[in-house]
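The lines below spell out each chain.
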Amino acid sequence: MSSPSLEALKTRLEALFEGRLRALVVDRGEISITIASTDVLAVAGVLRDDAELRFDTLVDLCGVDYMNFGNAAHEGLRCAAVSHLLSVQNNLRLRLKVFAPDDDFPVVPSLTTVWPSAGWYEREAFDLYGIVFEGHNDLRRILTDYGFVGHPFRKDFPISGYVEMRYDPDQQRVIYQPVSIEPRENVPRVVREDGYGVGRN
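**Overview of helix H3 (residues 118-129)**
Link 1 in the chain: In this model H3 runs 16 Å from its N-terminal to its C-terminal C-alpha over 12 residues, within 8% of the 16 Å that 1.5 Å per residue would give.
Link 2 in the chain: Within H3, 9 of the 12 residues are buried, leaving the element largely enclosed by the surrounding structure.
Link 3 in the chain: In this structure, the buried residues of H3 make contact with strand E3 (57-65), strand E6 (107-109) and strand E7 (132-134).
Link 4 in the chain: One or two steps after H3, the chain reaches Gly130, where phi turns positive at roughly 80 degrees.

In structure tokens form, the structure reads like this:
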């Protein structure tokens, strides 16, 4: 059962963004809305400035790879940026989701002009998922090395990676080289002694 404030928030969002909401989901006492990437900056500005909403704080922003989401094939676009918003004044929370329209080169608008705190979160999502935030003034890797190849949180990224880094004593420097680990399948094996389980209660 949802609270009156949650119902009021749902009604306000539907009234403000009629025709722009791709989805509105109420689950576990929270609301998630999905907006097209072309509308996200305008919607974000209203979420921050509307007197009944006042989502003045971006608590978190993360990337999501929906390939095989929930152990099943996902229908629709693959990469999304998900923002978690807080209205301190109205004691409300909201999840804002925007999908990148191109799976091969995911690009969504940067939210740094609306919530400056998005800057480092967007760098993290770029680094780990390869989502490009258009309009970000310093979009570069933040967690992996500058020479890192690929984006390690994508579901098609190999467990062993593409390259490995090691110190070469002959060159007296750190070098990158192709991964030398041979891929293998781990098959669990059960070894039991003779007579296991016989005559036991």
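**Re the side chain of Ser87**
Link 1 in the chain: Residue placement: Ser87 occurs in strand E4 (residues 79-87).
Link 2 in the chain: In this structure the side chain of Ser87 is engaged in a polar contact, spanning 3.1 Å, whose partner is the backbone nitrogen of Asn90.
Link 3 in the chain: In contact with Ser87, other than residues within four places in its own chain, are Leu53, Arg54, Phe55, Asp56 and Leu92.

**Quick word on the environment of Ala72**
Link 1 in the chain: Positionally, Ala72 belongs in the loop between E3 and E4.
Link 2 in the chain: Note: C-alpha distance between Ala72 and Val59 (13 residues apart in sequence) is 30 Å.

**Brief notes about the sheet that holds E3**
Link 1 in the chain: With mixed pairing, 5 strands are arranged side by side in an open sheet as E1-E2-E5-E4-E3. Single-partner strands in this sheet number two, and they are strand E1 (21-27) and E3. Neighbouring strand axes in the sheet, compared pairwise and without regard to direction, differ in orientation by 20 degrees on average.
Link 2 in the chain: As paired strands, E3 and E4 are joined by 8 bridges and run antiparallel to one another.

**Some remarks on the nonpolar core**
One recurring pattern in soluble globular proteins: nonpolar side chains tend to sit buried together.
Link 1 in the chain: Leu13, Ile33, Leu47, Phe55, Leu85, Leu94 and Leu111 are the most contacted members of the largest nonpolar core, which totals 33 residues.
Link 2 in the chain: For this core, the secondary-structure elements that each account for two or more residues are helix H1 (4-16), strand E2 (30-35), helix H2 (40-49), E3, E4, strand E5 (92-99) and H3.
Link 3 in the chain: In contact with Leu94, other than residues within four places in its own chain, are Leu13, Ile31, Ile33, Leu47, Phe55, Ser83, His84 and Leu85.
Link 4 in the chain: With 5 residues, the next largest nonpolar core counts Val64, Tyr66, Ala80 and Val82 among its residues.

**Overview of the pairing of E2**
Link 1 in the chain: E2 sits mainly inside the fold: 5 of its 6 residues count as buried.
Link 2 in the chain: Alignment of E1 against E2, held across 6 bridges, turns out to be antiparallel. Bridging across to E2, Ala23 finds its partner in Thr34.
Link 3 in the chain: With antiparallel pairing between neighbouring strands as the criterion, E1 and E2 make up a hairpin whose turn holds 2 residues, including Arg28 at a positive phi of roughly 55 degrees.
Link 4 in the chain: In the sheet, E2 pairs with E5 via 3 bridges, with the strands oriented parallel. For Ile33, the partnering residue across the bridge sits in E5 and is Leu96.

**Notes on the environment of Pro116**
Link 1 in the chain: Position of Pro116 relative to the elements: it lies in the loop between E6 and H3.
Link 2 in the chain: Overall, Pro116 belongs to the exposed group, its relative accessible area being 66%.
Link 3 in the chain: For the pair Pro116 and Gly63, spaced 53 residues apart in sequence, the C-alpha to C-alpha distance is 17 Å.

Reading the values: rules and limits
- Residues numbered from 1 in each chain as written.
- Predicted model: local features only at pLDDT ≥ 70, side-chain atom pairs only at ≥ 80, totals over all residues.
- Heavy atoms only, no water.
- Helix = DSSP H or I, 4+ residues; strand = E, 2+ residues; numbered from the N terminus.
- Expected span 1.5 Å × (residues − 1).
- Buried < 20%, exposed > 50% of the residue type's maximum accessible area, 1.4 Å probe, protein only.
- Contact = heavy atoms within 4.5 Å.
- Polar contact = N/O pair within 3.5 Å; in protein donor to acceptor, adjacent residues only side chain to side chain.
- Pairing = 2+ DSSP bridges.
- Axes fitted to C-alpha atoms, helices over the stretch in contact; angles between N-to-C directions.
- Core = buried A, V, L, I, M, F, W, Y, C linked by side-chain atoms within 4.5 Å.

Note that all results are geometric; they support no functional claim without further evidence.
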